[in-house]
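For reference, the chains in residue letters:
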Amino acid sequence: MQGLLEAIAISKRFGATVALDAVDFSARPGEIHALLGENGAGKTTLMNVIAGHLRPDRGAIRLDGAALKTGSAQAALHAGIATVHQSPMLFERLSVVENLALGGFGTTRLALREVAQQSAAMAARLGFTLRLDQQTLDAVSIAERMRLEILRALSFGPRVLILDEPTGLLAPAELSGFLDLLRALRDRGRSVILITHKLAEAMAVADRITMLRAGRVVAQTTPSQTSAEELAALMVGGALPAAARGDTRDGRGDEVLRLAEVGLEVGGRTVLEGISLRLRAGEILAVAGVDGNGQHELTEILAAVRHPSRGHLLIEGRPADAAQMRRIAVIPQSRDHEGLILDLELWENLLLAPSLRRRLRWAGMQRRAAAMALCRQVIERFAILAAGPRQKAAALSGGHRQRLMVARALESRPAVLVAYDLTRGLDVRAAADVARMVREFAAQGGAVLLMSTDLDEIFELGDRMAIISRGRLLEVAPHDRSAERVGLLMAGAVG
Amino acid sequence: MPTATSSGSRGNIVAALGKPLGALAIALGIVALALAVLGANPAATFAALLSGAFGNWLAATDTLVKATPLVFTGLAVSAAFSGALWNIGAEGQLLFGALAAAACGVHLAQWPRPPAIAVVLGAGTAAGAVAGALCGWLRARFAVSEIISTIMLNFIAVQALSWAVHGPLMEPSRAYPVSQALPPAACLYRFLPPSRLNAGMIAALALAPACYVWLFYTNAGFELRALGKNPRAAAFFGVPVGRVAVFAMGLSGAMAGLGGAVQLSAISHRLFERFSPGWGYEAIAVALVARLNPLAVVPSALLFGALDNGAQAIQRAQGVSPVLVQAAQGLVIFVLLAFDTPVLASWRRRGAVREDLASGRADA
Amino acid sequence: MLEAFLSSTVAMAAPLLLAALGELLVEDSGVINIGIEGVMLTGAFAAMAAAYATGSVAAGLGCAALAALAMSALFGAMAVNLAVNQVVAGTALDIFALGVTGVFYRRMFGVTGQALTVRTLRQVRLGPLSHLPLIGPALFHQNLLVYFSFLIVPAVWLALYRTRWGLNLRAAGERPEAADALGLGVYGLRWQALMISGVLTGLSGAYLTLGYANTFVEGMSAGRGFIALAIVILGEWRPGRIAIASVLFGAALALQFVLQAVNTGIPYQLFLALPYVLTLVVLTALGGQSHAPSALGEPYVRP
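Only a predicted model underlies this, so the values are computations on that prediction, with no experimental measurement involved. Within every chain, residues take consecutive numbers counted from 1 along the sequence as written. Chain labels run from A onward and ligand labels from 1 onward, assigned in the order the entries are written. Only residues with pLDDT of 70 or above have their local features reported here, since the model is predicted, and side-chain atom pairs are shown and tallied only from 80 upward, although totals for entire chains, interfaces and linings are computed over all residues. Based on all heavy atoms of the structure, the side-chain values leave hydrogens and waters out of the count.

### Concerning the pairing of strand β19 (residues 416-420) of chain A
All names here are of chain A. Exposed residues in this analysis have more than 50% of their type's maximum accessible area, buried residues have under 20%, and partly exposed residues fall in between, with area computed by a 1.4 Å probe over protein chains only. Strands here are runs of E lasting at least two residues and helices are runs of H or I lasting at least four, both read from the DSSP assignment and numbered beginning at the N terminus. For β19, the buried fraction is high: 5 of the 5 residues fall into the buried class. By the alternation rule, side chains of β19 split into Val416, Val418 and Tyr420 and Leu417 and Ala419, which are all buried. As paired strands, strand β16 (residues 328-331) and β19 are joined by 4 bridges and run parallel to one another. Looking at β19, one finds that isoleucine 331 is bridged to alanine 419. If DSSP finds at least two bridges between two strands, the strands pair.

Rendered as structure tokens:
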């Protein structure tokens, strides 16, 4: 059977890296086609090519047998291909209705009232509601944003709807409703392409499954012909690195970090409320939560760039003054925007860590020789693929940038390591390496506070577990540690 | 295997010189074309320019004289721009510096020379520092764009200067709007008369490496550069963003202010309206051609000093206005910017070895 | 006296308003054009040169718009297509315009340009309304450009907030990569804004020569372009408030003439500096609550 949409022999390189290698892909009307693969397998690149955001080096896109102009988002939209992105492509300072109006509601006149009416009707048909009166997106939740973007994509009347990891930002409780929505779209004859790395999701909802690995199609199958185990093996290509949990659970020591009723107001809004926790040497406390529930601000407080509005911190039993705060090393969520300065050299990036900056200076001068020597050591010890300390951080790959961040945090010899999304966007091996470094740190008596949006990471690394939701922290008792229970807690359904 | 890209400041010399000189050549090519269109002879004009700048001993020394304020303002702009602090106000800071220097200097007739000079230069430096730091503080405390505030201070400085030479500092006969001449005690040492070579040039030459060391070898300089390259990361790792902005703007203003004081004390001895022909604006071209490297500011300033000096000659020889040099400055900046366009880099990247982009884009 | 002041205020506000509205469109699309000062100066010179050569005010206006378009295009090529640092490119444009207008001026009219005058825009009296006490001359006895500049305020508002184009433009300034993903064509939108702004700024420059100076002086824009930038900030990127802010700065400029006429004993330089001081004070008082488009000034490279 011929597909409605056909991508034929698509190849795309970024520099020396082959992101897509002669990939064939098709989507038929009235089906949900899951595009599976590990991080870095090329799923998003393929989607960007189909949606016209990227021009492929070779290959063609056909719709109903007619060639589509590649590399033009406008052409793709006109032809009926709409996209819902991993992080919604919305405009923060436009109103909800204006965001919708940027969809396919006619081209010259701006009739916001009609847009609102049509959107509400469309939402009702799909079985959800949307608050249309918001003047900016400040107070619009992640799930609402996702729906908003889906509505906008549907307003183009697309025949092909591509969704890129749409469930990554949804709380588990919101998931089943979302999958129902996809089924409803399929039943209306749309062709839905669901990009995901979650096998269970694909098994649950897809009619067909295509698996990408390292830029190539490695399988085309259907849920009835395969199993989650088989898919998992295909996805990582066999050798799954041993996810051995460290035996950090025993060697627990004294309390090194205590937060007592920490609260934070930002611009009159309560971001954190009554956060209390204790962290002992040698343990990893994993805090699960959907983005935007206060993790970022908590990270900033622990990085000493923000002061809590209420409550206090104790580090190794002492009130957290500036010197004590330097006992905490922080790995922020965004490698490229917050964690590293890509335009500076590796040794300079090491010196970003406040305690290293202090250690490696004398009378206001940088101790360059010592810093370079340390950087050389770090490159060797943490197996960072780099020519030397004078190389710019921009020349490192994503995985090695993350190693550099972890190495920098550990080199500042902290009592507490705080990390937010430790392995996001890394391939399996890089993720395993980084996780191992952190586990070793804990095994040697370090305390780790790991915040993550990735439940796999939470379960793999955490000795203890907590949930952060709407700025409140809730510890999960050991007997409660099931994915369902944690999911419910994350969604704020319990407690 | 990723390869390290060389930075402008420390790459090999050919690569470092290639871009600025290439930009200059292209800009001058465009100017030549424009001259031909305007009916002047480009070759003769450039010949006149060259001989005006270096034709004889006096002309050559005068090129050095013209380059000196550009070294000071060029360093000021380089330092501020390194921290992504867009100080467009070197002009005003220089004028405030000259104004303060003149205001102090006229009272120092009875002083011995070294302390008098120290006071004059110190006053200029301080005034420039205050003007710069004010803009840094407005940015840090009230989020006022330093671009706008420094530009506004430029205009305010022009009016302040005008007021001073029409009012309190006006020369005793009160016939001309110029200030009273500095007493000899407050004037910087000059060498080899009739040339106007002077001790201010030595100060300029010493300031460049000092500025370089500060920017690339001290913790404060590092924090400024970190702020310039990635303000979010800098803030996250505890760089005191506000303090750095105030300090760096102050330092930048101080260097421009010192330039004004040196010009007054070594060359003009008097204040007058249009004291600066635009050294503070020209400094932006000087700094960009130097790729914000303080050491490279010296040759860059020399280049522009030569252009300025030669421009006087083309008026006489070819009837071409010396403001042509300003048009050329703008062109040089445009061409340099075009050389460094990120668009070009992304074209080049298609064939180059860059894993970072791939990992960033191919991540699902 | 007061009548003259009010009239002068409106007349002074008009070129600021024209330039600020142009800058508003450009900034809403995500581009900051510091070079607006240079564009204005170019417009002023072109208007004078053309009006002098042809004796026609209309030709002056047309040439001003064309020359300003050319300057804006130069900036657009740098800031939009080549995605270079917008502040530096804008400053380069200012320096370049100062040089170019200077060269042409001296080439065409000599160094002094003495006795060089052109016909000016005619004052249009709007019937009996212009005889109203106090506000009559200010509001109803001005030249056509003044009426035009105030009349386009609602036009700009409608374009920005009531057309699909305006929404697209604001989207491009808010999040260009998302706008491109929706097929809006960020580069095209930014160019359109720059071209409209070019015409408006060119007319604003023409106003300086044909509207009140009836001659050209090197560097005669004297920071009005920069003040327009401040007006956009002060007006919180809204056309109506920008009009009000323009009148405020128009008053500051008009005050110079009134107070110079009266001998107050206060040095006149203080009045000349007043608009610039006012800019600083007002921006400080706003205290940085920014209403700027999110992507303002950030170079955007299409993937």
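Here the narrative resumes.
### A few points about unusual backbone geometry
Cis geometry marks the peptide bond from B:Pro193 to B:Pro194, where omega comes out at 10 degrees. Counting through the fold element by element, B:Pro194 comes out in the loop between α6 (146-166) and α7 (199-217). The phi angle at A:Ala9 is positive, at roughly 50 degrees, despite the residue not being glycine. Inspection of the secondary structure assignment puts A:Ala9 in strand β1 (residues 5-14).

### Quick look at helix α2 (residues 36-54) of chain C
With 19 residues, α2(C) extends 26 Å from end C-alpha to end C-alpha; this agrees with the ideal 27 Å at 1.5 Å per step. Of all 19 residues that make up α2(C), 16 are buried, and the element is covered over most of its length. Here the expected span of a helix is defined as 1.5 Å times the quantity of residues minus one.

### Topic: the interface of chain C and chain A
The contact criterion used throughout is that any non-hydrogen atoms of two residues lie within 4.5 Å. Contact residues are listed per partner, giving 23 residues for chain C and 26 residues for chain A. A simple way to read buried area is as the amount of 1.4 Å-probe accessible surface that goes missing from two parts once joined, with both sides added. Taken together, both faces of the contact between chain C and chain A bury some 1900 Å²; the carbon and sulfur share is 59%. Three residues stand out in chain C for area buried against chain A, namely C:Arg164, C:Leu167 and C:Leu182, and they jointly supply 36% of the buried area on that side. Any Lys or Arg side-chain nitrogen located within 4 Å of an Asp or Glu carboxyl oxygen qualifies as a salt bridge. For the interface between chain C and chain A, the tally reads 1 salt bridge. In this structure, C:Arg170 and A:Glu98 form a salt bridge, with 3.0 Å as the shortest nitrogen-oxygen distance. Listing elements by their share of the side of chain C that touches chain A, those giving two or more residues are α6 (144-162), α7 (164-174) and α8 (176-181) of chain C. Broken down by element, the residue count for the side of chain C that touches chain A peaks at 6 residues, all from α7(C).

### Some remarks on the state of the cysteines
All names here are of chain B. Cysteine sulfurs are considered disulfide-paired once they come within 2.5 Å of each other. Tallied over the full model, the rule gives 0 disulfides over all chains. Cysteine 187 takes part in no disulfide bond, and the closest cysteine sulfur to it belongs to cysteine 104, at a distance of 14 Å. Given the relative accessible area of 8%, cysteine 187 is considered buried.

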